[in-house]
Amino acid sequence: MDNKGAQSMFFTLLSEIQNRCEDANIYFLPTYGNTVDFSKYFKDINIVYDDERYNDFSYNMYSYLKKFIKTKINTLIMKTLHRNRVFAFSDIIKICDVMFDISGFAISNKFSQEHNLRNIRYIREAKNNGAIVILMPQSFGPFSYDWEDEKAFNTMKNVICSADIIYARENDGYLSLKNKYDVKNLHISPDVVLCGNLLLH
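Residues numbered from 1 in each chain as written. Predicted model: local features only at pLDDT ≥ 70, side-chain atom pairs only at ≥ 80, totals over all residues. Heavy atoms only, no water.

### Let's talk about unusual backbone geometry
That bond from Gly141 to Pro142 is cis: its omega, 0°, falls within 30 degrees of zero. Even without glycine at this site, Asp182 takes up a positive phi of about 55°.

Dropping the structure here:
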């Protein structure tokens, strides 16, 4: 959440949810790799950490250990700052009714295999636990992955297509999803921040 654009997207969505669902319990899974004091932003928001993120060794050991240690440090900081407001993803996803993805730009060959499959895992686990999944306006593609074999392609396709609604921010992303994975539940929409009170109607 060091990124100002990501902050704007989150606050816009948060405001719209709170205006319509005052009693909603909101859980936020932030991007790791920073040490932002979340209490400056989220006084009543529950924070989620990805407790399954480093359960595989699909990348080299040095990278694994570096990311593992950084994640453990950030999780410890969050737990220290927020005590009873920090929860494991594997627990929260079981009671989640709706998952809004406001990544902005996460599923693309511009990012690593681990990064792509991690975001796909969030969608898959949400759907497996009966949650509605909405991918808010964001950029998608390109999808010319050098690691994508038939199994990975089918996983990507099945999981992406399982999302209840997907909003592409640009025409290129819309066409990339259509052409690569034949996504049906797909729409073009402006950025979340530009939508403002048009959201969730």
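### A short note on the packing of helix 4 (residues 113–128) against helix 5 (residues 150–162)
Taken N-terminus to C-terminus, the directions of helix 4 and helix 5 make an angle of 50°; their axes are 9 Å apart at the nearest point. Comparing their axes, helix 5 and helix 4 come out oblique. As for the relative orientation of helix 4 and helix 5, their crossing is left-handed in sense. Seen from helix 4, the contacting residues are Asn116, Leu117, Ile120, Ile123, Arg124 and Lys127; seen from helix 5, they are Thr155, Met156, Val159, Ile160 and Ser162. Its residues placed into classes, the contact of helix 4 with helix 5 shows 6 nonpolar, 3 polar and 2 charged. (Axes fitted to C-alpha atoms, helices over the stretch in contact; angles between N-to-C directions. Helix = DSSP H or I, 4+ residues; strand = E, 2+ residues; numbered from the N terminus. Parallel < 35°, antiparallel > 145°, perpendicular 65-115°, else oblique. Left-handed = near helix turned anticlockwise from the far one by under 90°. Contact = heavy atoms within 4.5 Å. Nonpolar A, V, L, I, M, F, W, Y, C, P; charged D, E, K, R; others polar.)

### Side note on the packing of aromatic side chains
Scanning all chains against the criterion turns up 9 aromatic pairs. Centre to centre, the rings of Tyr27 and Phe87 are 5.5 Å apart; their planes meet at 80°, and the pair counts as edge-to-face. Placement of the pair is Tyr27 in strand 1 (residues 27–28) and Phe87 in strand 3 (residues 86–88), with a sequence separation of 60 residues. On the numbers, 5.1 Å between centres and 55° between planes, the contact of Phe89 with Tyr122 is tilted. Placement of the pair is Phe89 in helix 3 (residues 89–92) and Tyr122 in helix 4, with a sequence separation of 33 residues. (Phe/Tyr/Trp six-rings, centres within 6.5 Å; stacked < 30°, edge-to-face > 60°.)

### Some details on the pattern of salt bridges
Taken as a whole, this structure holds 8 salt bridges when the rule is applied. Across the salt bridge formed by Lys180 and Glu148, the nearest N and O atoms sit 2.8 Å from each other. With Lys180 in helix 6 (residues 171–181) and Glu148 in the loop between strand 5 (132–138) and helix 5, this residue pair connects regions lying 32 residues apart in the sequence. Between Glu170 and Arg169 there is a salt bridge, with the nearest N and O atoms lying 3.5 Å from each other. Residue Glu170 is classed as partly exposed on the basis of its relative accessible area, which comes to 34%. By sharing partners, the salt bridges in this structure join Asp50, Arg121 and Glu125 into a single network. (Salt bridge = Lys/Arg side-chain N within 4 Å of Asp/Glu carboxyl O. Buried < 20%, exposed > 50% of the residue type's maximum accessible area, 1.4 Å probe, protein only.)

### Focus on the pairing of strand 5
Most of strand 5 sits inside the fold, with 6 of its 7 residues counted as buried. Note: strand 4 (residues 98–101) against strand 5, 4 bridges, orientation parallel. Bridging from a neighbouring strand, Asp101 pairs with Leu135 of strand 5. As paired elements, strand 5 and strand 6 (residues 165–168) share 3 bridges and run parallel to each other. If you follow Leu135 over to strand 6, its bridge partner there is Ile166. After leaving strand 5, the chain enters helix 5 and then returns to the sheet as strand 6, a path that is right-handed. (Pairing = 2+ DSSP bridges. Right-handed = clockwise from strand over helix to strand, strands pointing away.)

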